[in-house]
Amino acid sequence: MSLRFIPSAAALAVAMTALLTAAGGNARAADFTVRSVEVPELKGVFGEVKSRTVVPARARIGGTVRSVTVSEGDSVREGDEIALVVDDKNALNLNAADAKLKELQSQLDNAKLELDRAQQLLARGAASQARLDTAKTQFDVATNQVTASEADRAVILQRAREGAVLAPADGRVLTVPVTPGSVVLAGDEIARVASGPYSLRLSLPERHAASIREGGTVRIGERGISQDKAGTPATARPGRIVKVYPEISAGRVMADVEVDGLGSYFVNERTLVWVEIGRRSVLAVPAALIRTQHGIDYVTLATAGGPLDVPVILGERFAGDDGERVEILTGLKDGDVISAAGR
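Residues numbered from 1 in each chain as written. Predicted model: local features only at pLDDT ≥ 70, side-chain atom pairs only at ≥ 80, totals over all residues. Heavy atoms only, no water.

J.: Quick rundown of the overall build of the protein? Include the residues and the values.
T.: Each helix and strand in the protein was counted, giving four helices and 20 strands. Here the protein holds 343 residues, and the buried ones make up 31% of them. Long-range contacts, defined here as pairs at least 24 residues apart, represent 72% of the contacts in the protein between residues at least 6 apart. Of the roughly 20,300 Å² of accessible surface on the protein, a fraction of 54% belongs to carbon and sulfur atoms. (Helix = DSSP H or I, 4+ residues; strand = E, 2+ residues; numbered from the N terminus. Buried < 20%, exposed > 50% of the residue type's maximum accessible area, 1.4 Å probe, protein only. Contact = heavy atoms within 4.5 Å. Areas by Shrake-Rupley, 256 points an atom, 1.4 Å probe, with all protein chains shown as cover.)

Here's what the structure looks like:
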C-alpha cells in the first residue's frame, strides 16, 4: 500500500508566501523611475540630393556634332567617348599638308642627288669644296623643311582626333544640351557628368546657423517628401553633417549631409531630414508601460497606497538606450515610479 504525502497547512502557507514574495520582487524589479533626460530638439527640413562635383564635358575643337553616344542618366567611365565633333576643314588641311609634304620630299630627293654628284666630282678633282658645301646646305634645308611639314601634318591629325569628346570622370550624365548636327565652338559644353559622391544639401534658416556643426547627427527619412512615406525621427536612419558652408545667402545657411544609399536617388531629389538644432529636458517612459483605454493613455504609479492609474498626455517618440521611449507632456513628475504590474 503506497503512502501519499499530504503537506500541512503551515507548509502551504510558507510556499505561498515565497511565491508572492518572488512575484513582488519581479514586479518591483520591472518598475521604472521617471527621470528627466535630455533629447535633441529636431527640426524637419527638406534636403536635396546633390553631387559634390559636376564636371562638364567640353568640345576641344569647333565644328559640327556628328554623333552623340550618351543620353541623360547613362553611367560613363573616365575617357569614354560620348560625342564626336567634326571640322570639315581638317580634311582639306590634311590634303594640303600631304601635297606640301610630297613637294618637299621631291626637293629633298633632288638635294640628295646634287650632294652625291658634288661629292663624286670633288673626289675626281672636277669640282670645288665650295660647291660641295652649297649642296650639303641645300640638302640640310630640304631635310628640315620635310621634318617641319611632317610636324604640321601631325598637328592636323591631332586636331582631328580631338574631335572626340571624352568623359572627364566616372559618373552619371545629367544633361546633354546638344544633338547631332549642332554647331559648337571649342570649349562649348557637350554634357554634364555628376561624378559624386552624393550628399544631401540642407538649407536652414539663419537663426539655426550657430546650432549646426560639422560631425553633427541628423535623421533621414525614407525616400519621399510626404510625412507618410518619410516616417518619423524614431524610424529614420542616421546621417552625419560633413560640411557647413561659411556663407549665408538670402537668410539661409547651407550644409551637406553624408548618408549611404544616395546613389540611386535622382540628383536634386528632395527627402525629409530632421536636424538637431538644440537639446531639451523631457520626462519619458518606455512605450511598453503605457496602455490606452477608451481613447485615454494611462500609466500605473506605484504609491504607498497601492497602484494608481494616472492619465497622461503623450508627446514625441524617440529611441532610448533600452528601446522606444515616449515623451510625457503632463501627468508625471521627476521621481515618480511606474509599476509594471498595472500593464
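J.: Before we move on, can you summarise the pattern of salt bridges with the specific residues and values?
T.: Under the criterion given, the structure shown has 17 salt bridges. Close ionic contact of glutamate 258 with arginine 52 constitutes a salt bridge, the shortest N to O distance being 3.7 Å. Of this pair, glutamate 258 sits in strand β14 (residues 252–258) while arginine 52 sits in the loop between β2 (36–51) and β3 (54–58), and the two are 206 residues apart along the sequence. The exposure class assigned to glutamate 258 is partly exposed, which follows from its relative accessible area of 36%. Judged by relative accessible area, which is 39%, arginine 52 ranks as partly exposed. Taking the shortest distance from any N to any O, the salt bridge between lysine 89 and aspartate 87 comes out at 3.1 Å. When its relative accessible area of 51% is taken as the criterion, lysine 89 is described as exposed. Ionic contacts of the salt-bridge type, sharing partners, join the residues Glu38, Glu276 and Arg279 into one network. (Salt bridge = Lys/Arg side-chain N within 4 Å of Asp/Glu carboxyl O.)

J.: Can you explain the sheet that holds strand β7 (residues 164–166)? Please cite residues and give values.
T.: Spatial strand order, β7-β6-β4-β9: four strands in an open sheet with antiparallel pairing. Each edge of the open sheet is held by one strand with a lone partner, namely β7 and β9 (183–184). Two elements, strand β4 (residues 63–68) and β9, share two bridges in a ladder whose sense is antiparallel. Along β9, the bridge assignment pairs glycine 63 with valine 184. (Pairing = 2+ DSSP bridges.)

J.: Explain the packing of aromatic side chains to me, using residue names and the numbers behind them.
T.: Evaluation of the coordinates by the stated rule reveals zero aromatic pairs. The ring of tyrosine 245 carries lysine 243 above its face, with NZ or CZ at 5.4 Å from the centroid. The residue whose ring lies beneath arginine 270 is phenylalanine 46, and the NZ or CZ to ring-centre distance is 4.8 Å. (Phe/Tyr/Trp six-rings, centres within 6.5 Å; stacked < 30°, edge-to-face > 60°. Lys NZ or Arg CZ within 6 Å of the ring centre and 35° of its normal.)

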